[in-house]
Amino acid sequence: MTAFRLCNPTQILFGADQLKELESLVPAGTKVLILYGGGSIKKNGIYDQVVAGLKHCSVVEFGGIEANPVYETILKAAELARASGTELILAVGGGSVADAGKFLASIVPIEGVDPWDYLVQGGVSTTTLPVGVVLTLPATGSESNPVSVISNKGKGLKLPFANEKARPQFAILDPDFMKSLDRRQLENGAVDAFTHVIEQYLTLPVNAPVQFGFSETLLKVLIEWGPKLVETGSTEARENVMWAANQALNGLIGAGVPQDWSTHMIGHAITALYDIDHARTLTLVMPALMRFKAVDKQDMLVRYARNVWGITEADPAKAAELAIARTEAFFREMGCPVRFSEIAPTKVVAEDIVHHLEVAGHTALGERQDIGIKQVRDILAMAA
Ligand code: NZQ
Ligand code: ZN
């Protein structure tokens, strides 16, 4: 295990009716900017509940945050935040709105320089506005992690930014808010969370029984309850997937262990270029990446085969391949594509993806930093 520092200050309020606590979470008189997406919260009643919970505050709102939030839109929200003297950003939505809220909190204090260039170069805003999240789609873990993934339309890039100070102060997770999600978003959410665990787990067999053991539990929960969520939408399924998705990417299972975010970095490029849902870019890439790295990752693939899938095959290479095949079957069961041929007529051009990775500086990926441009080309060919 490598040394790590872990501080997750996000207060989680999980369960039915927790939105009622908003009134006690936000001090009276606070200038709040409510940030939301394309309008789902107005249709399902969450918007009205939020406004009622903030009646003791001074509120402005900014709607229209896109799925895969766009930098240029967030700049407009920053103008409103500055003009209104915003003291707290309340993001109400899925990962896109939460990401936008955290990014907004980071850029409002940055003036006089281009925030994108400043943050890409590793700058961190010295002061960050506080953020709260009302989560309506469990998937990303964004509600209690420091990351925002932002699309810059002008530059044609989708990049991750991390700012520890932007971790939300509080996050309200009411599984009832998932009732208005359509099947596709439920599939996406469970699958995205699954891949988050894999990216922090399927690396090297270091000494990390706590992290790996919890990862295996999360994977098994998502394998069992993801399909049940899609088929039944039961209370138990909503609760289990919502909590697992949060735990999958709140920093805990990734503490002190090697990580491999190559599927995500390739996936972000695919979304930037072809506007494919985040989760579906991951299911397109991950099985091919597992096969491409089956020898290097064999120890963990065998552990994954035995502890997650119950595979008893004695030969390590065969056990690894069986586990990859089961992963692929799970993605298919969750309605997601696992080959580029399945997303026709969209035609994915490897060189365009490679170009995005080069511009983004993502050319030494994986737990060994040995997935470069050539390897990405090979992985994409295997996913054809
Ligand atoms: O825009 P609205 O109207 O809210 O509709 C959204 C959107 O169309 C809708 N939706 C959300 N909650 C709903 C609902 N519809 C009905 N009922 C509800 N309760 O669902 C659509 C997708 O929402 P979005 O927020 O885009 O989905 P998700 O939570 O999957 O977030 C995806 C974004 O998060 C980034 C992705 O790259 C992508 O941009 N990620 C962020 C991460 C992080 N911060 O750590 C890590 C992830 O790997 C990921 O990269
Ligand atoms: Zn993801």
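Residues numbered from 1 in each chain as written. Chains lettered and ligands numbered in written order. Predicted model: local features only at pLDDT ≥ 70, side-chain atom pairs only at ≥ 80, totals over all residues.

A. The UniProt feature "domain: Fe-containing alcohol dehydrogenase-like C-terminal" (unreviewed entry) in the protein chain, seen in detail. Under the local residue numbering, the UniProt record ascribes the feature "domain: Fe-containing alcohol dehydrogenase-like C-terminal" (unreviewed entry) to residues 189-355. Regarding residues 189-355, the helix share stands at 68% and the strand share at 0%, and the terminal C-alpha atoms are separated by 28 Å. (UniProt positions renumbered as here; feature names shortened; annotations may be inferred. Helix = DSSP H or I, 4+ residues; strand = E, 2+ residues; numbered from the N terminus.)

B. Spotlight on the site of ligand 1. Inspection of the region around ligand 1 gives 34 residues, with Gly37, Ser40, Ala67, Gly94 and Gly95 positioned closest. If you list the elements that add at least two residues to the shell around ligand 1, you get helix H5 (95-107), strand E6 (147-152) and helix H7 (183-201). Its residues assigned to classes, the shell around ligand 1 shows ten nonpolar, 22 polar and two charged. A domain split of the shell around ligand 1 shows at least three residues from each of domain 1 (11-178) and domain 2 (183-382). (Near = placed C-beta within 6 Å. Nonpolar A, V, L, I, M, F, W, Y, C, P; charged D, E, K, R; others polar. Domains from an automatic or database assignment.)

C. Quick peek at helix H11 (residues 278-292). Here H11 spans 21 Å end to end across 15 residues, near enough to the 21 Å set by a 1.5 Å rise per residue. Along H11, the helix axis deviates most sharply at Val285, where the bend reaches about 30°; the proline Pro287 sits within four residues downstream. When you tally the buried positions in H11, you get 14 out of 15 residues, the bulk of the element. (Expected span 1.5 Å × (residues − 1). Bend = angle between axes of the 7 residues up to and from the residue. Buried ≥ 20, exposed ≤ 12 C-beta atoms within 10 Å, placed from the backbone.)

D. Seen up close, the nonpolar core. One finds Leu35, Ile89, Leu90, Ala91, Val92, Leu104 and Leu222 to be the most contacted residues of the largest nonpolar core, which totals 121 residues. If you tally residues by element for this core, the top one is H11, at nine residues. Shared between two domains, this core holds at least three residues of each, these being domain 1 (11-178) and domain 2 (183-382). When near neighbours in sequence (up to four residues on either side) are disregarded, Ile89 contacts Leu33, Leu35, Gly101, Leu104, Ala105, Leu129 and Val131. (Core = buried A, V, L, I, M, F, W, Y, C linked by C-beta atoms within 7 Å. Contact = placed C-beta atoms within 7 Å.)

E. Spotlight on the packing of helix H14 (residues 350-360) against helix H15 (residues 373-382). With their axes 10 Å apart at the nearest point, H14 and H15 run at an angle of 145° to one another. Relative to H15, the crossing made by H14 is right-handed. Across the interface between the two elements, Ala350, Ile353, Val354, Leu357 and Glu358 of H14 pack against Ile373, Val376, Arg377 and Leu380 of H15. Counted by class, the contact of H14 with H15 contains seven nonpolar, no polar and two charged residues. (Axes fitted to C-alpha atoms, helices over the stretch in contact; angles between N-to-C directions. Left-handed = near helix turned anticlockwise from the far one by under 90°.)

F. Spatial organisation of the domain arrangement of the protein chain. One can read the domain layout of the protein chain as domain 1 (11-178) and domain 2 (183-382). Summarising the inter-unit geometry, the C-alpha centres of domain 1 and domain 2 are found 26 Å apart. At the junction of the two partners, domain 1 supplies 19 residues and domain 2 supplies 25 residues. Secondary structure elements with two or more residues in the side of domain 1 that touches domain 2: E6 and strand E7 (157-162). Residue contributions to the side of domain 1 that touches domain 2 peak at three residues, all from E7. Per-class residue counts for the side of domain 1 that touches domain 2 are ten nonpolar, seven polar and two charged.

G. Structural context of helix H12 (residues 298-307). Buried within H12 we find Met300, Leu301, Val302, Tyr304 and Ala305. Close packing links the buried residues of H12 with H7 and helix H13 (316-333).

H. Region of interest: the sheet that holds strand E4 (residues 88-93). With respect to topology, six strands assemble into an open sheet ordered E1-E8-E5-E4-E2-E3, the strand pairing being parallel. The sheet is open, and its two edges are formed by strand E1 (11-14) and strand E3 (58-62), each paired on a single side. With direction set aside, neighbouring strand axes in the sheet form an average angle of 15°. Pairing geometry for strand E5 (residues 131-135) and strand E8 (residues 170-173), over four bridges, is parallel. Looking at E8, one finds that Gly132 is bridged to Phe170. Seen against the sheet, H5 touches strand E2 (31-36), E4 and E5 and runs at an angle of roughly 165° to E4. (Pairing = 2+ DSSP bridges.)

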